[in-house]
Amino acid sequence: MSALTVRQVRFRYLTLYGLRWLPTGLIIPVMILLMQERGLSLPQIGLVFSAQGLLVLALELPTGGLADALGRRPVLVVAWALSLVSLALFAVADSFWVFFLVYAVQGIYRALDSGPLESWYVDATLAADPDAEYERGLGYAGTVSGGAIGAGALLSGGLVALGSIGRVSALTVPVLAAIVAQAVALVALTVLLVEQRPASGFAALRASVVQAPRMIGQAIGLLRRSRVLLALVLVELFWGFGMITFESLLPVRLAEVIGDPERAAALLGPANSAAWLASAAGAALTPLLLRWFGAAPGAALLRILQGVTVVGMGLFAGPVGVLVAYLACYTVHGASNPLHSGLLHRQVDGPYRTSVLSLNSMMAQPGFALGGVVLTAIAATASVSTAMVVGAVVLAVAAPLYLPAWLAGRRAAPAAEPTSVPVPAADH
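All residue numbers refer to position in the chain's written sequence, counted from 1. Residues qualify for local features only when their pLDDT is at least 70, as the model is predicted, and side-chain atom pairs are given and counted only at 80 or more; totals for whole chains, interfaces and linings, by contrast, use all residues. Excluding hydrogens and water, the side-chain figures rest on all heavy atoms present in the structure.

Student: Sorry if this is basic, but what is going on with the overall build of the chain here?
Tutor: Secondary structure is summarised from DSSP: a helix means a run of H or I of at least four residues, a strand means a run of E of at least two, and numbering begins at the N terminus for each. Secondary structure assignment for the chain yields 17 helices and zero strands. When each of the 428 residues of the chain is scored for burial, the buried share is 50%. When a residue's accessible area, from a 1.4 Å probe over protein chains only, is under 20% of the maximum for its type it is buried; when over 50% it is exposed; and in between it is partly exposed.

Student: What am I meant to see in the pattern of salt bridges here?
Tutor: Where side chains of opposite charge bring their charged atoms close, a pairing between them can arise. A side-chain nitrogen of Lys or Arg and a carboxyl oxygen of Asp or Glu constitute a salt bridge if their distance falls within 4 Å. For the structure on display, the rule yields two salt bridges. With a closest N to O distance of 2.9 Å, R20 and D113 form a salt bridge. Separated by 93 residues along the polypeptide, R20 in helix α1 (residues 6-27) and D113 in helix α5 (residues 96-113) bring together distant segments of the chain. Notably, a salt bridge pairs E256 with R253, separated by 2.7 Å at the nearest N-O pair. Linking E256 with R253, this pair stays in helix α10 (residues 227-258), spanning three residues, or about one helical turn. On the basis of relative accessible area, E256 is assigned to the partly exposed category, the value being 44%. Relative accessible area serves as the criterion here: at 6%, R253 is assigned to the buried category.

Student: Is there a simple way to explain the packing of α1 against helix α8 (residues 173-192) in this structure?
Tutor: Helix-helix packing is described using two parameters, namely the angle between the two axes and the distance between the axes. Axis separation between α1 and α8 bottoms out at 8 Å; the angle between their running directions is 165°. Taken together, the axis directions place α1 and α8 in an arrangement best described as roughly antiparallel. Here the hand of the crossing between α1 and α8 comes out left-handed. Between α1, through R12, T15, L16, L19, L22, P23, L26 and I27, and α8, the contact on the second element is made entirely by P174, V175, A177, A178, A181, Q182, A185, A188, L189, V191 and L192. Axes, fitted as lines to C-alpha atoms, cover a helix only where it is in contact. Angles between the N-to-C directions of the axes lie from 0 to 180 degrees. To sort the angles, those under 35 degrees are grouped as roughly parallel, those over 145 as roughly antiparallel, those from 65 to 115 as roughly perpendicular, and the leftovers as oblique. Handedness of a crossing follows from how the near helix is turned relative to the far one, being left-handed for an anticlockwise turn of less than a right angle and right-handed for a clockwise one. A contact between two residues is defined here by any heavy atoms of the two lying within 4.5 Å.

Student: When you look at α5 in this model, what are you seeing that I'm missing?
Tutor: The length a helix should cover is 1.5 Å for every residue beyond the first. The end-to-end C-alpha separation of α5 is 25 Å, in line with the 26 Å expected for 18 residues at 1.5 Å each. Buried within α5 are the following residues: F96, F99, V102, Y103, A104, V105, Q106, G107, Y109, A111, L112 and D113. Positive backbone phi, approximately 110°, marks G115, located one or two places after α5.

Student: Can you walk me through the environment of M363 in this structure?
Tutor: When you line up the elements, M363 lands in helix α15 (residues 353-381). Taking the C-alpha atoms as reference points, M363 and E236, separated by 127 residues in sequence, lie 5.7 Å from one another. With residues near it in sequence (within four places) discarded, M363 still touches V233, E236 and L237.

Student: Would you mind going over the packing of aromatic side chains with me for this structure?
Tutor: In this description, an aromatic ring pair is defined by two values, namely the gap between the centres and the angle between the planes. Pairing of aromatic side chains here covers Phe, Tyr and the six-membered ring of Trp, requires ring centres within 6.5 Å, and sorts the geometry by plane angle: under 30 degrees stacked, over 60 edge-to-face, intermediate tilted. Taken as a whole, this structure holds 13 aromatic pairs when the rule is applied. Measuring from centroid to centroid gives 5.4 Å for F49 and Y103, while their planes differ by 75°, and the two rings are edge-to-face. With F49 in helix α3 (residues 42-70) and Y103 in helix α5, this residue pair connects regions lying 54 residues apart in the sequence. Judged by its relative accessible area of 3%, F49 is buried. On the basis of relative accessible area, Y103 is assigned to the buried category, the value being 6%. Aromatic side chains F246 and Y330 sit 5.6 Å apart centroid to centroid with 80° between the ring planes, which places their arrangement in the edge-to-face category. Of this pair, F246 sits in helix α10 while Y330 is found in helix α14 (residues 319-347), placing the two residues 84 residues apart along the sequence. Taken as a pair, F246 and Y330 share a single burial class, namely buried. A positively charged side chain is recorded as over a ring if its NZ (Lys) or CZ (Arg) lies within 6 Å of the ring centre. The angle to the ring normal must also be within 35 degrees. The aromatic ring of W21 is capped on one face by R20, whose charged end is 3.8 Å from the ring centroid.

Student: Looking at this model, I keep getting lost on the packing of helix α4 (residues 72-92) against helix α6 (residues 116-128). Mind explaining?
Tutor: The N-to-C vectors of α4 and α6 enclose an angle of 150°; their axes lie 9 Å apart at closest approach. The angle between α4 and α6 places the two elements in the roughly antiparallel class. Considering only the axes of α4 and α6, their crossing is left-handed. Every residue of α6 that contacts α4 at R72, V75, L76 and W80 is listed here: P116, L117, S119, W120 and D123. For this scheme, ten residues count as nonpolar: Ala, Val, Leu, Ile, Met, Phe, Trp, Tyr, Cys and Pro. Four count as charged, namely Asp, Glu, Lys and Arg, and the remainder, Gly too, count as polar. Within the contact of α4 with α6, the residues separate by chemical class into six nonpolar, one polar and two charged.

Student: Help me out: how do you make sense of the nonpolar core in this one?
Tutor: Where a protein is soluble and globular, its nonpolar side chains tend to be buried together. Formed by 64 residues in total, the largest nonpolar core has its most connected members in M35, F49, F90, Y103, F246 and M313. For this core, the element with the highest residue contribution is α10, accounting for eleven residues. Setting aside chain neighbours within four positions, we find Y103 in contact with M31, M35, V48, F49, A51, Q52 and F90. Residues L4, L76, A79 and V122 belong to the second largest nonpolar core, which totals 24 residues. Each nonpolar core is a collection of buried residues, namely Ala, Val, Leu, Ile, Met, Phe, Trp, Tyr and Cys, held together in the definition by side-chain atoms within 4.5 Å.

Student: Any chance you could explain the environment of L375 here in plain terms?
Tutor: Examined against the element boundaries, L375 turns out to sit in helix α15. A residue is classified by how much of its surface remains accessible, and L375, at 0% relative accessible area, is buried. Taking the C-alpha atoms as reference points, L375 and L42, 333 residues apart in sequence, are found 8.9 Å from one another. Aside from chain neighbours lying at most four places away, what touches L375 is F241, I244, T245, L249, A387, V390 and G391.

Student: What am I meant to see in the side chain of R253 here?
Tutor: Under this definition, polar contacts are N or O atom pairs within 3.5 Å; protein pairs additionally need one hydrogen-donor-capable and one acceptor-capable atom, and for neighbouring residues in sequence, both atoms have to be side-chain atoms. A polar atom in the side chain of R253 sits 3.1 Å from the backbone oxygen of M313. Here F316 takes part through its backbone oxygen, which lies 2.5 Å from a polar atom of the side chain of R253. The contacts of R253, once residues within four sequence positions are left out, are M313, G314, L315, F316, A317, V322, V384, S385 and M388.

Written as structure tokens, this is what we have:
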């Protein structure tokens, strides 16, 4: 690890990060439509999604200990190999239970994949130079992931537009491309990610398994003691529920207004690319939002605005209106994430930061699983538009959960005012 320079570590990290997200971009535009083409109903698709969400919820914290004990490289190799397996199964799946298996494998993959690459980057950077600033690379990673997803989505739409290849339907072609991309990513991972394996090996693994319940309990104890922290983490529950609207129901809604699933899938490629650019633009607005509204009020306002954009996606009659609302939704999405993260970081420090951040991330998973079941059932029994409006309301209802953070900030402000020596403002 120490043989690499800081620049080499950052280059390898960003390369692997982009390769990690490229298959996701290829799959997003066709995921729902392909399952419908294979005979699944919307409620069945919702149940399939729940397999991933619940497995990530159960495994995310324990797999963090696994990565610390055995090393980040072996855990990531297993994770990315499982992703390759799930994509191969997705390409041939033709029944509810096979698709359920696909997303169960995806859940294990996502739990294993959550964190080790970023941890390797930070550790490898500090090993190369203890005084190095690794934050710049972490910032670049957001740009790289957005570009990779956008490029994958654009390529996916182009592949669908080319039509079927022999007996392979047009909607299946991007899945085959994703398999190739994931295989390339796995090979690149084995070549580019080098680390010094922990000497303690399986002894550390056993210790981490024993300590995991205690660490989880202590992190949950922090939530019980802090109303601000608990409210912020609960925001993710509502967000995970509402995320079904713009990630899963949007393709169905677009196919509905266009009247042709393959045309909708072809259009979703460039639309997804534009959405991730819009998300990046929204993130760039963060300094202005902090200056105009403050972190907590700005975050609350953006949750309401995101609900409004989802209502537009559900109620606008034509594809242009639906896509404009979709781009607006991702703009708000990009702007809200930095505000929420900043508020969360201000509430946590010390040895429990990673555990609480994991809990915050995990909280979206049961919301996503519940939203997948409930909203797809509403879409099947009532309409896709009705399901989107319900999801929009849930997104907006989360806004008052930022009130404790706002009140805590107002109480802390007088104490932070300078007396004789100026005090620098907080980073976030």
